Amino acid sequence: MSFFALPSPRALRALLALAAALPAAAFAHTGVDGHTHLDFFTGLLHPLTGMDHLAAMVAVGLWSALAARRAGPDLLWGPLGFAGMLLAGALLGLQGVQIPAVEPMIAASLLVTGLLVVARWHVPGIAAALIVGVFAVFHGLAHGYELAGAPSAWATLSGMLAATVLLHLAGLGAGWALRSANAWLPRAAGAVVAIFGVTLLAQLA
């Protein structure tokens, strides 16, 4: 199979079915355990319960690895920018700072990061951090709102941040492994994330 070979019709149908199923998993995301039994490990597991957060964090790592021209700092700008701005957004949320359009911006982040994966668009490091960082603020706000007023909020937030880093690393690892693979495979993964974002935006409209 050549580098630019397209996926088979069966693979395309499977990808579309997966994208259609993802929004139900995202909207099943119900918050942080009703503010009971909160600790570092609750926070560590929390991003795994919302497909919107999980997909965005993995996609950032995937894009960073696919778009990097070589191993080194190029790989880290996107993940560091996302994690740092997610923390900033979470701190704002904990303080009760109200910013509109949190859910639409989270959905838009999936569309944008998915398209970045598809295009493998290389941008200078600080620009990569800013692109994903803008959206990360809204992911952080959502977490911060959930934790506002909760005991052990800081421990839980630490766990969430650790999970974010781990998901970025998973995306980086997958992206680096796919750099020399058939081109359609990472593009298909990015397309699923982008379609997921479009579907969430349509449901929020």
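Look up a bit, the structure's there.
In this report, we go over the structure that sits alongside the text. Treat the numbers as computed from the prediction; the structure is a model and nothing was measured. (Residues numbered from 1 in each chain as written. Predicted model: local features only at pLDDT ≥ 70, side-chain atom pairs only at ≥ 80, totals over all residues. Heavy atoms only, no water.)

### Points about the packing of helix α3 (residues 51–67) against helix α5 (residues 102–119)
Right, so step 1: One can describe the packing of α3 onto α5 by two numbers: an axis separation of 9 Å at closest approach and a directional angle of 25°. Classified by the angle between their axes, α3 and α5 sit roughly parallel to one another. Of the two elements, α3 crosses α5, and the hand of that crossing is left-handed. Seen from α3, the contacting residues are Asp52, His53, Ala55, Ala56, Ala59, Val60, Leu62, Trp63 and Leu66; seen from α5, they are Ile106, Ser109, Leu110, Thr113, Leu116 and Val117.
Right, so step 2: Split by residue class, the contact of α3 with α5 holds 11 nonpolar, 3 polar and 1 charged. (Axes fitted to C-alpha atoms, helices over the stretch in contact; angles between N-to-C directions. Helix = DSSP H or I, 4+ residues; strand = E, 2+ residues; numbered from the N terminus. Parallel < 35°, antiparallel > 145°, perpendicular 65-115°, else oblique. Left-handed = near helix turned anticlockwise from the far one by under 90°. Contact = heavy atoms within 4.5 Å. Nonpolar A, V, L, I, M, F, W, Y, C, P; charged D, E, K, R; others polar.)

### What to know about the side chain of Ser109
Right, so step 1: As for its position among the elements, Ser109 is in helix α5.
Right, so step 2: Classification of Ser109 as buried rests on a relative accessible area of 1%.
Right, so step 3: Every residue in contact with Ser109, bar those within four places of it in the chain, is listed here: Ala56, Phe135 and His139. (Buried < 20%, exposed > 50% of the residue type's maximum accessible area, 1.4 Å probe, protein only.)

### Overview of a nonpolar patch on the surface
Right, so step 1: On the surface, Trp77, Ile126 and Leu130 cluster together to form a nonpolar patch covering roughly 320 Å² of accessible area.
Right, so step 2: Of note, Leu130 is situated in helix α6 (residues 125–147).
Right, so step 3: Taking the relative accessible area as the measure of exposure, Leu130 reaches 55% and is therefore exposed. (Patch = residues over 30% accessible without salt bridge, like charges linked within 9 Å, V, L, I, M, F, W, Y side chains within 5 Å. Areas by Shrake-Rupley, 256 points an atom, 1.4 Å probe, with all protein chains shown as cover. Salt bridge = Lys/Arg side-chain N within 4 Å of Asp/Glu carboxyl O.)

### Concerning empty space enclosed by the protein
Right, so step 1: In the structure shown here, the tally under the stated rule is 1 cavity of 30 Å³ or more.
Right, so step 2: By volume, the largest cavity is sized at about 100 Å³.
Right, so step 3: Along the walls of the largest cavity sit Trp63, Ser64, Ala67, Ala68, Asp74, Trp77, Gly78, Trp121, His122, Val123, Gly125 and Ala128, which together make up its complete lining.
Right, so step 4: Only α3, α4 (77–94) and α6 provide two or more residues apiece to the lining of the largest cavity.
Right, so step 5: For the lining of the largest cavity, the per-class residue count stands at 7 nonpolar, 4 polar and 1 charged. (1 Å grid on protein atoms, 1.4 Å probe; cavity = no way out; pocket = protein on both sides within 12 Å on 5 of 7 lines; lining within 4 Å. Points joined across faces, edges and corners; volume = space filled by probe spheres on them.)

### Considerations on the nonpolar core
Right, so step 1: Counting 24 residues, the largest nonpolar core has Trp63, Phe82, Leu110 and Val117 as its most contacted members.
Right, so step 2: Every element with two or more residues in this core is listed here: α3, α4, α5, α6, α7 (153–178) and α8 (184–204).
Right, so step 3: With 9 residues, the top contributor of residues to this core is α3.
Right, so step 4: Setting aside residues no more than four positions away along its own chain, Val117 makes contact with Ala59, Leu62, Trp63, Leu66, Pro186 and Gly190. (Core = buried A, V, L, I, M, F, W, Y, C linked by side-chain atoms within 4.5 Å.)

### Things to note about unusual backbone geometry
Right, so step 1: Positive phi, normally seen in glycine, also occurs at Ala101, with a value near 65°.
Right, so step 2: Considering the arrangement of structural elements, one finds Ala101 in the loop between α4 and α5.
Right, so step 3: When its relative accessible area of 41% is taken as the criterion, Ala101 is described as partly exposed.

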